[in-house]
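# Summary of the model geometry
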Amino acid sequence: MKRLDLADRICCGIASALICIAVLGSFIPQKQPAAFYIEAFPAIAPFLLMSGFNDAYNSSIFNYLLLLLSLALAISSFHKKLPAILMRLGLAFISLGLYLSHSALAFALTAALAEGETFAIPSEPHRSITLENIHAQYQNGTLADYVSEITVKDKDQEDKLAISVNKPAKIWGLDLLQSGYGFRELSFSRIPPQGEEQELDIDLGLDNRKPIINTPDTGIIFMIADMHLPAIIDDNMQPASAEIMQIYPPDSAPQELGELHPGDSIAAKDGSVIKLNSIKCESAISISRDPGFMTAIIGFALIFIGTLAYLFKHRGIKS
Amino acid sequence: MKQAEGILFIIAVASYLAALASLFTKRQKITNILSTSAFAFHSAMLILRTLASGRLPFAGLYESLLIFSWGIMACAVFYSRKFRDSRIYGAALPTVITAFIIALTTDNSVKPLMPVLRSPWLAIHVALAIAAYGGFAFAGGLGVMYILKDNFPKLSLPEKESLDSMCASIITLAFPLMLGVIITGSIWGKYAWGSYWQWDPKETWALITALVYAAFIYTRFELGWQGSKSAKFAIIGFAVVIFCYLGVNLLMPGVHSYATK
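Read on for an overview of the structure. (Residues numbered from 1 in each chain as written. Chains lettered and ligands numbered in written order. Predicted model: local features only at pLDDT ≥ 70, side-chain atom pairs only at ≥ 80, totals over all residues. Heavy atoms only, no water.)

## Regarding the overall build of chain A
Using the following cut-off: Strands here are runs of E lasting at least two residues and helices are runs of H or I lasting at least four, both read from the DSSP assignment and numbered beginning at the N terminus. Only C-alpha atoms enter the radius of gyration; for comparison, a globular chain is expected to reach 2.2 Å times N to the power 0.38, where N is the number of residues. In this analysis, two residues are considered to be in contact whenever any of their non-hydrogen atoms come within 4.5 Å of each other. Computed with the Shrake-Rupley method and a 1.4 Å probe, the accessible areas treat only the protein chains shown as cover for residues. Counted charges follow a simple rule, with Lys and Arg positive, Asp and Glu negative, and His plus the chain ends left uncounted. Taken as the charge centre is NZ of Lys, CZ of Arg, CG of Asp or CD of Glu, depending on the residue.
The helix and strand tally for chain A stands at 6 helices and 16 strands. Relative to its length of 319 residues, chain A is extended, with a C-alpha radius of gyration of 28 Å against a globular reference of 20 Å. The principal-axis extents of the C-alpha atoms in chain A amount to approximately 90 × 50 × 45 Å. By sequence separation, contacts in chain A at least 24 residues apart represent 52% of the contacts at least 6 residues apart. A total accessible area of about 16,200 Å² is found for chain A, and carbon and sulfur atoms account for 59% of it. Taking the 24 positively charged and 34 negatively charged side chains of chain A as two groups, their mean positions are separated by 22 Å.

## Looking at the overall build of chain B
Selection criterion: Summary of the burial criterion: residues with accessible area below 20% of their type's maximum are buried, those above 50% are exposed, and those between are partly exposed, where the area comes from a 1.4 Å probe applied to protein chains only.
When helices and strands are tallied, chain B shows 8 helices and 0 strands. When its C-alpha atoms are laid out on the principal axes, chain B stretches across 55 × 50 × 30 Å. Counting the 261 residues in chain B, one finds 58% classified as buried. If you take every contact in chain B between residues at least 6 apart in sequence, the share linking residues at least 24 apart comes to 76%.

## Observations concerning the packing of aromatic side chains
Short version of the rule: Two rings from Phe, Tyr or Trp (for Trp, the six-membered ring) form a pair when their centres are within 6.5 Å of each other. A pair whose planes differ by under 30 degrees is stacked, one over 60 is edge-to-face, and the rest are tilted. Here, a charge over a ring means that NZ of Lys or CZ of Arg falls within 6 Å of the ring centre while also lying within 35 degrees of the ring normal.
Tallying each qualifying case throughout the model produces 26 aromatic pairs over all chains. On the numbers, 6.3 Å between centres and 85° between planes, the contact of A:Phe27 with B:Trp205 is edge-to-face. Linking A:Phe27 in helix α1 (residues 6–27) with B:Trp205 in helix α7 (residues 201–221), this pair reaches from one chain into another. Centre to centre, the rings of B:Phe39 and B:Trp70 are 5.4 Å apart; their planes meet at 25°, and the pair counts as stacked. On the criterion of sequence distance, the pair formed by B:Phe39 in helix α2 (residues 28–53) and B:Trp70 in helix α3 (residues 60–82) is long-range, its members being 31 residues apart. A relative accessible area of 28% places B:Trp70 in the partly exposed class. Among the aromatic residues, ring-to-ring pairing joins A:Tyr57, A:Phe62, B:Trp197 and B:Trp199 into one connected group. A:Arg289 extends its terminal NZ or CZ atom over the ring of A:Phe107, reaching a point 6.0 Å from the ring centre. Over the ring of B:Trp225 we find B:Lys229; its NZ or CZ atom is 4.4 Å from the centre of that ring.

## With respect to the nonpolar core
The line we're drawing: The set of buried Ala, Val, Leu, Ile, Met, Phe, Trp, Tyr and Cys residues whose side-chain atoms join them within 4.5 Å is what this entry labels a nonpolar core.
By size, the foremost hydrophobic cluster in this structure holds 151 residues, and its most contacted members are A:Phe188, B:Tyr16 and B:Phe138. Counting residues per element, this core draws most heavily on helix α6 (residues 160–193) of chain B, at 16 residues. Ranked by size, the runner-up nonpolar core spans 15 residues in total, among them A:Ala111, A:Ala169, A:Leu174 and A:Leu176.

## Some details on the interface of chain A and chain B
Here is the rule: We define a salt bridge as a contact between a side-chain nitrogen of Lys or Arg and a carboxyl oxygen of Asp or Glu at a distance within 4 Å. We define a polar contact as two N or O atoms separated by no more than 3.5 Å, with the added condition that, inside protein, one atom must be a possible hydrogen donor and the other a possible acceptor, whereas residues neighbouring each other in sequence contribute only through side-chain atom pairs. Three classes are used: nonpolar for Ala, Val, Leu, Ile, Met, Phe, Trp, Tyr, Cys and Pro, charged for Asp, Glu, Lys and Arg, and polar for all others, with Gly counted as polar.
Chain A puts 51 residues into the contact, and the matching count from chain B is 49 residues. Connecting chain A to chain B are 1 salt bridge. Of the charged contacts in the structure, one is a salt bridge between B:Lys190 and A:Asp175, with a shortest N-O distance of 2.6 Å. Connecting chain A to chain B are 10 residue pairs in polar contact (both at pLDDT 80 or more). In terms of residue class, the side of chain A that touches chain B is made up of 29 nonpolar, 13 polar and 9 charged.

## Considering the packing of helix α1 (residues 2–23) of chain B against α2(B)
When two helices pack together, their arrangement is captured by the angle between the axes and the distance separating the axes. All names here are of chain B. Just so we agree on the cut-off: Geometry is summarised by axes, namely lines fitted to C-alpha atoms with helices restricted to the contacting stretch, and by angles between N-to-C directions that run from 0 to 180 degrees. Every angle not falling under 35 degrees, over 145, or within 65 to 115 is termed oblique; those three ranges are roughly parallel, roughly antiparallel and roughly perpendicular. When the near helix sits turned anticlockwise from the far one by under a right angle, the crossing is termed left-handed; a clockwise turn instead gives a right-handed crossing.
For the pair α1 and α2, interaxial distance at closest approach is 8 Å and the crossing angle is 160°. Considering the angle they form, α1 stands roughly antiparallel to α2. Both α1 and α2 take part in a crossing whose hand is left-handed. Counting all contacts with α1, which are made through Ala4, Glu5, Leu8, Phe9, Ile11, Ala12, Ser15, Tyr16, Ala18, Ala19, Ser22 and Leu23, the residues of α2 involved are Ile30, Thr31, Leu34, Ser35, Ala38, Phe39, Phe41, His42, Ala44, Met45, Leu48 and Arg49.

## A look at the packing of helix α5 (residues 82–101) of chain A against helix α6 (residues 293–313) of chain A
Residues and elements named next belong to chain A. At a closest axis distance of 7 Å, the pairing of α5 and α6 adopts a crossing angle of 165°. Here α5 is positioned roughly antiparallel relative to α6, judged by the angle of their axes. You can see that α5 and α6 cross each other, and the crossing is left-handed. Of the residues assigned to the contact of α5 with α6, the class counts are 19 nonpolar, 7 polar and 1 charged.

## Some details on a nonpolar patch on the surface
Counted only if it meets this: Patch membership requires more than 30% relative accessible area and the absence of a salt bridge. Residues of like charge join within 9 Å; the nonpolar side chains Val, Leu, Ile, Met, Phe, Trp and Tyr join within 5 Å.
A cluster of nonpolar residues, B:Val144, B:Leu148, B:Phe152 and B:Leu155, forms a patch on the protein surface that exposes about 330 Å² of accessible area. Note that B:Leu148 resides in helix α5 (residues 120–151).

## Section: α7(B)
Selection criterion: Helices are assigned an expected span. That span is 1.5 Å times one less than the residue count.
Compared with an ideal rise of 1.5 Å per residue, which puts 21 residues at 30 Å, α7(B) spans 30 Å between its outermost C-alpha atoms and is within 8% of the ideal. Counting buried residues in α7(B) gives 19 out of 21 residues, a clear majority hidden from the surface.

## Quick look at the side chain of A:Ser164
Structurally, A:Ser164 can be placed in strand β5 (residues 157–164). Contacts of A:Ser164, omitting those with residues within four sequence positions, involve A:Asp145, A:Tyr146, A:Val147 and A:Gln178.

## So, unusual backbone geometry
The phi dihedral of A:Trp172 falls on the positive side, at around 55°, and the residue is not glycine. Here A:Trp172 is to be found in the loop between β6 (169–171) and β7 (174–191). A relative accessible area of 18% places A:Trp172 in the buried class. Even without a glycine there, the phi angle at B:Trp199 is positive, about 55°. Turning to its location among the elements, B:Trp199 is positioned in the loop between α6 and α7.

## Examining the environment of B:Arg49
Residues and elements named next belong to chain B. Secondary-structure assignment places arginine 49 in helix α2. On the basis of relative accessibility, which here comes to 2%, the residue arginine 49 falls in the buried class. With sequence-adjacent residues up to four places away left out, arginine 49 is seen in contact with Glu5, Tyr62, Glu63, Asn108, Ser109 and Val110.

Read these as layout, nothing more, since geometry by itself doesn't imply function.
Okay, structure coming up:
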């Protein structure tokens, strides 16, 4: 039975350190504010914050270890046989790919754009993305996709693109992906039984879909039970809608009032009329550039071939 | 259709339990009949579910457990036929029965796929995962059998040499499939999330699993590890697979957490 040589031991040591950091990163919530770690992990918080392991996979230690492992594996491959060389080079490529994906060459952000809003690419302000609209698509009665129609502009040149889940667009070396949706603004009117019409504009965010409209004059409370994007159902475009609930008298259980599309009105229990004027939808678009992707895939492919070489070499596997 | 699926579920569990009990009777023919018929009921149940949902049964923990256990059993059926030894089922049956028991506690309603899962990559990614995890789980079972035979030589189990070579052969076949899981997952992730690698807990543990088995292959073929060392390695690998498959979904939130819903 052979023993590990020095080069193997160095590679194993670096790989073990990387695995330990990766395991730590999978158990400890990442990218939280410092106060979170001080409260949740008082014993190790100083170590986590000093080492950068509160964002383990982007920490300098982790990324330098990845680079070091890729170099150590590549250098120590020379005196090995073919399957071992392929396995080692594969792992080296994967480490290098992961390093590149988290290096300064990589770029990733998510832009939340309301319909009609434009986002300029940071460091390339002559390039911009405008959201024209976002809608859902249904097939056989079930939700199948979310689609954003966008206009991309590079100086004077404009192009129209559609991006949807699992179908990103590639432009200027960047990947544009449909990563979420939400509602930016709701505009209501309320016409009380006596008195003047009131405009109720509600600012929303991607995570805030259930605002409460409190009307002190009668004590009635309107709630948004749910909101829906414009949707293509059986080739027909349905506009966006909001499901409204009411609480009246106070402290009673919420009751459904109905689903409103822009322009629809509905009578509430207090005798007032609620009218939905407009819904402004928004799309979360991920913009990224990843220079490590192909390197890592080549790495996995090399290990794959290396394993096949072992299989071929040890056909029947009796050893 | 749902009632028929429920009946098949009960028949499959009963047959698997009977097959496990028959291992202690040392009557290989009975074990073989019970195991293969249980596997047939299991397969029929999955086909029914596919027909009922109009898609492959690759969504949610319930379907995942049934398909994972089907993968383990497929390995066991293949190898027991190849080596003409029904005692090999002993490496698969405890895990398969445990998977069925856990499946009983989960929501078994048929749900439509969410948009991100409506991709051709789903079928390739999950099919490779079933084969790889099934192979690793079966190899882990063989590792346990090896250790048992090593410590209790009088037990009616296959010869140590057969168990050792079978275990290594399965891991060497399952490992490239595991790489396939990671590669297809990375490419799909690039299309769906914009990043091929997000260090999501599932991704991290899938990589750790692959590294453990890469180390198994390296130590076996380059350093000549075999016997109980190899068997223990296979058992440790299986523990990592179980954590990657179930532990991560249950304990750590991430982009794969839909798998527990």
